[in-house]
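Spelled out from the first residue to the last, the chains are:
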Amino acid sequence: MSAGGQVAEALPGSPAGLVVRFQGGRTASGPPTSGQANMIRCVLTDPPEHMNYGFVLTVPPGKTLDDVVAAVVLLISRHESLRTTFRDGLQHVAGEGELVIGVHDSQGSADLADEVAARLQAVRFDPEGELPVRAAVTLSDGVPERVILVLTHTTVDAVGLSLLRVELNRLLFGETPEPVTAPQPLDVAWTERSPASLKRAQAAIEYWRTNLERIPRSTFTASVDDGDNDWLMPRLQVRSTVAARALGRIGARTGVSRSAAVLAAYTLLAGLRSGQRTAVALAISGNRFRPELRDYVGPLAQDALVPIDLDEPTFDGVLRRTRAAALAAYQNSRFDSDALIQVMEEVQRSRGVFFARDIVFNDMSVHGQGRRAGRTEEYEQDVRSHWLPKATMPTRVSLWVRTVEGEVDFTLWADPRCLPRADAEAFGEGIVRLLIEAADRDVPLSEVSGLTGVVPLERGEGWTTIDACWVHLPEVERLVRDAVGDRPFHVTEDGGRLVCHLAGPVSPVEVHTACVGRLSGRMAAMAPHHYVVHDGAPASPDGWAALPVLEEGTGR
């Protein structure tokens, strides 16, 4: 093979594999970037379908298998992130090495490439022992038809994936690439350790701590326990050209960007549905504000914590609050993920609640690249929606925005335990309907339910609000029961505090530690604020006050 490849021995029943050699620049090791460190943890724990990216490209006519191999090898050689593994707390860049490219005979199957991509994407990557890229080619009568590339999240985020897709396509057409001018991940890692960068990262951690100590721990609070949840979610695609024109008029009238306006409508309806005065979104921040990072191939995206106070009379007020909240959140979206986890654990213990990543906003639109389509009658409808096949997404509710110019096009992922299908349909379409209505007037919040069909969730007996959080008292009791086992106990609410009476001998610290250790995945539970340990247990719940007290305290 002219690209340095050779056919590898194939197992019976498996496709042939082409072993290709690549050569890059330096062989080096160093600390991981904050984005890499965050993604390593996720790659090892989250579903691989969610943590692995993939794309399929059509091979231009007249190209040979050698041409395809050469393009893939050159792509790997140009970007160190495609040659990086992680061991002993460091990233290791390979200056040279081998990759097996799968070769598949399509045998007339038009869907084979997509099937191969799905299979490669469904297998978890090993960050320590495996290159973070998988490649395959489909052939028809020996002629390459399509090329498949699958990468893990330690290598790229969505923007980086788009950059690689464009670059590989150009390489397949035989274009000579410009030299890589963006920094490589090792360069970014050392920059992050400068005094100025460390100061910004620490400020981001303090921003998160301040907000985590006051905001609701979830918005779509429901009495569910994740347990072995597979996170396979229904998905509703919503599209509207009318809403795209409305976003332009909203921006002209209020100065709020298209992205912030969609986020405002999303969080407002979430707060309306759940009965929250503050809705908290986790917006995916690309963190490519600096010009030198715009073409960076590596994971930069991290969560931006966007708490939006909804205590406004009109939607314009929510728009202004969203703009300010999003700006502050994006400014504090690059941080040490280990430090943030420590803060989350500290706040979890002090507040007695588990912070749920239950509202996610991911705007993947690119300015100037909105969809332009013909003016058909179907295209000009106000709102068009349809259900897509279920897919894995480990969040409660997510909004993934593809375009906001020419046409608003987004997908709503909704956990049916929190937002059943009929409600999700009203919610997704309601976002667009609210934006259309807000094009030329300031919509009173009192009209939003009527405009969208989104109504507050009716909460029955046992629900109460404590420390800005919806709490279901039966879930609190279940939490304590799981923590103390057969030990008798009784939980009461007293002036906005949960008080747990229980039989000794046991200390408040031991009980609280056990409760906090079982909070994960429980949206409606809260650890008690005060524990009273008694000598024995009464015959009825009313008798706890008459028993001698051995010890009491917060357990914090």
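So, how was this worked out
- Residues numbered from 1 in each chain as written.
- Predicted model: local features only at pLDDT ≥ 70, side-chain atom pairs only at ≥ 80, totals over all residues.
- Heavy atoms only, no water.
- Helix = DSSP H or I, 4+ residues; strand = E, 2+ residues; numbered from the N terminus.
- Polar contact = N/O pair within 3.5 Å; in protein donor to acceptor, adjacent residues only side chain to side chain.
- Contact = heavy atoms within 4.5 Å.
- 1 Å grid on protein atoms, 1.4 Å probe; cavity = no way out; pocket = protein on both sides within 12 Å on 5 of 7 lines; lining within 4 Å.
- Points joined across faces, edges and corners; volume = space filled by probe spheres on them.
- Nonpolar A, V, L, I, M, F, W, Y, C, P; charged D, E, K, R; others polar.
- Core = buried A, V, L, I, M, F, W, Y, C linked by side-chain atoms within 4.5 Å.
- Buried < 20%, exposed > 50% of the residue type's maximum accessible area, 1.4 Å probe, protein only.
- pLDDT = per-residue confidence, 0-100.
- Pairing = 2+ DSSP bridges.
- Axes fitted to C-alpha atoms, helices over the stretch in contact; angles between N-to-C directions.
- Salt bridge = Lys/Arg side-chain N within 4 Å of Asp/Glu carboxyl O.
- Phe/Tyr/Trp six-rings, centres within 6.5 Å; stacked < 30°, edge-to-face > 60°.
- Parallel < 35°, antiparallel > 145°, perpendicular 65-115°, else oblique.
- Left-handed = near helix turned anticlockwise from the far one by under 90°.
- Expected span 1.5 Å × (residues − 1).
- Arc of directions from axis to C-beta.

Participant: Account for the side chain of Thr452, with residues named and values stated.
Facilitator: When you line up the elements, Thr452 lands in helix H13 (residues 448-452). Reaching out from Thr452, the side chain makes a polar contact with the backbone nitrogen of Val454 at a distance of 3.2 Å. Apart from the residues lying within four places of it in its own chain, the contact partners of Thr452 are Leu269, Ala426, Gly430 and Leu434.

Participant: For the layout of surface pockets, give the residues involved together with the corresponding values.
Facilitator: Put simply, the second largest pocket is a space of about 620 Å³. Along the walls of the second largest pocket sit 26 residues, with Glu192, Ser197, Ala201, Arg334 and Phe335 positioned nearest its centre. Of all elements in the fold, only helix H1 (34-45), helix H7 (195-212), helix H10 (315-331) and helix H11 (337-351) reach the threshold of two or more residues within the lining of the second largest pocket. In the lining of the second largest pocket, the residues fall into 11 nonpolar, 8 polar and 7 charged.

Participant: Could you give an account of the nonpolar core, naming the residues involved and the relevant values?
Facilitator: The biggest cluster of nonpolar side chains holds 74 residues, and the ones touching the most others in it are Tyr266, Leu305, Phe315, Leu399, Phe427, Ile431 and Leu435. At 10 residues, helix H9 (residues 258-274) tops the list of elements feeding residues into this core. Among all residues touching Tyr266, those that are not within four sequence positions of it are Ile359, Val360, Phe361, Val397, Ser398, Leu399, Leu412, Phe427 and Ile431. In terms of nonpolar packing, the next biggest core, distinct from the first, is built from 34 residues, Val73, Leu75, Val133 and Val137 among them.

Participant: Could you give an account of the confidence of the model for the protein chain, naming the residues involved and the relevant values?
Facilitator: On average, residues of the protein chain carry a pLDDT of 92, and 94% of them reach 70 or more. Low pLDDT, under 50, characterises residues 373-379; the stretch is placed with 11 contacts to residues that sit more than four places away or in other chains.

Participant: An account of the sheet that holds strand E19 (residues 489-494) is requested, with residue identities and associated values reported.
Facilitator: Ordered by their spatial adjacency, 4 strands build an open sheet running E19-E20-E21-E22, and the pairing between neighbours is mixed. Both outer strands of the open sheet, E19 and strand E22 (549-553), are each paired with one neighbouring strand and no more. Neighbouring strand axes in the sheet, compared pairwise and without regard to direction, differ in orientation by 15 degrees on average. In the sheet, strand E21 (residues 530-534) pairs with E22 via 4 bridges, with the strands oriented antiparallel. Paired with Tyr531 across the bridge in E22 is Gly553. On top of the sheet, helix H14 (residues 473-484) reaches E19 and strand E20 (497-503); it is set at about 145 degrees to E19, its chief contact.

Participant: Summarise the pattern of salt bridges; cite the residues concerned and give the values.
Facilitator: Under the defined criterion, the tally for this structure stands at 31 salt bridges. Of the charged contacts in the structure, one is a salt bridge between Arg288 and Asp157, with a shortest N-O distance of 2.9 Å. Residue Arg288 is found in the loop between strand E11 (278-285) and strand E12 (302-309), and its partner Asp157 is found in the loop between strand E9 (143-152) and helix H5 (158-172); the two are separated by 131 residues along the sequence. With respect to burial, Arg288 and Asp157 carry one shared label: buried. The closest approach of N and O atoms between Arg290 and Glu292, which form a salt bridge, is 2.6 Å. Shared partners join several salt bridges into a network, and the residues in it are Arg21, Glu96 and Glu98.

Participant: If you had to explain the pairing of strand E10 (residues 232-240) to someone new, which residues and values would you point to?
Facilitator: Among the 9 residues of E10, 7 are classified as buried, and the element is accordingly described as predominantly covered. Relative to strand E14 (residues 384-392), E10 is paired through 7 bridges, and the arrangement is antiparallel. Across the sheet, the residue bridging to Leu232 is Thr392, located in E14. Two elements, E10 and strand E16 (residues 408-414), share 6 bridges in a ladder whose sense is antiparallel. Directly across from Ser240, in E16, lies its bridge partner Val408.

Participant: How would you explain the packing of aromatic side chains if you had to name every residue and give the values?
Facilitator: Scanning all chains against the criterion turns up 6 aromatic pairs. Look at Phe220 and Phe427: their rings are 5.8 Å apart centre to centre, the planes differ by 70 degrees, and that puts the pair in the edge-to-face class. Of this pair, Phe220 sits in the loop between H7 and E10 while Phe427 sits in helix H12 (residues 421-437); the two residues are 207 residues apart in sequence, bridging distant segments of the chain. Since its relative accessible area comes to 1%, Phe427 is described here as buried. Between the aromatic rings of Tyr266 and Phe361, the centroid separation amounts to 6.2 Å while the plane-to-plane angle is 35 degrees, which identifies the pairing as tilted. In this pair, Tyr266 sits in helix H9 while Phe361 sits in strand E13 (residues 359-363), placing the two residues 95 residues apart along the sequence.

Participant: Quick rundown of the packing of helix H8 (residues 241-254) against H12? Include the residues and the values.
Facilitator: Any two packed helices are characterised by how steeply their axes cross, that is the angle between the axes, and by the distance between the axes. Closest axis-to-axis distance for the H8/H12 pair is 8 Å, and the angle between their directions is 45 degrees. When the axes of H8 and H12 are compared, the pair comes out oblique. Judged by the sense of rotation from one axis to the other, the crossing of H8 with H12 is left-handed. From H8, Val242, Ala243, Ala246, Leu247 and Ile250 reach across to H12, where they touch Val432, Leu435 and Ile436. Residue classes in the contact of H8 with H12 are distributed as 8 nonpolar, no polar and no charged.

Participant: Can you explain H11? Please cite residues and give values.
Facilitator: In this model, H11 (15 residues) spans 21 Å end to end at C-alpha, consistent with the 21 Å of a helix rising 1.5 Å per residue. Those residues of H11 that sit buried are Ser337, Leu340, Val343, Val347, Gln348 and Arg351. Viewed end-on, H11 has its buried residues packed into an arc of 135 degrees, placing them on one side of the element. Those residues of H11 hidden inside the fold are in contact with H1, H7, strand E18 (469-472) and helix H15 (508-516). Between the side-chain oxygen at the start of H11 and the backbone nitrogen of Asp338 there is a gap of 2.9 Å, and the oxygen is on Asp336. Phi turns positive one or two residues past the end of H11, at Gly352, with a value near 75 degrees.

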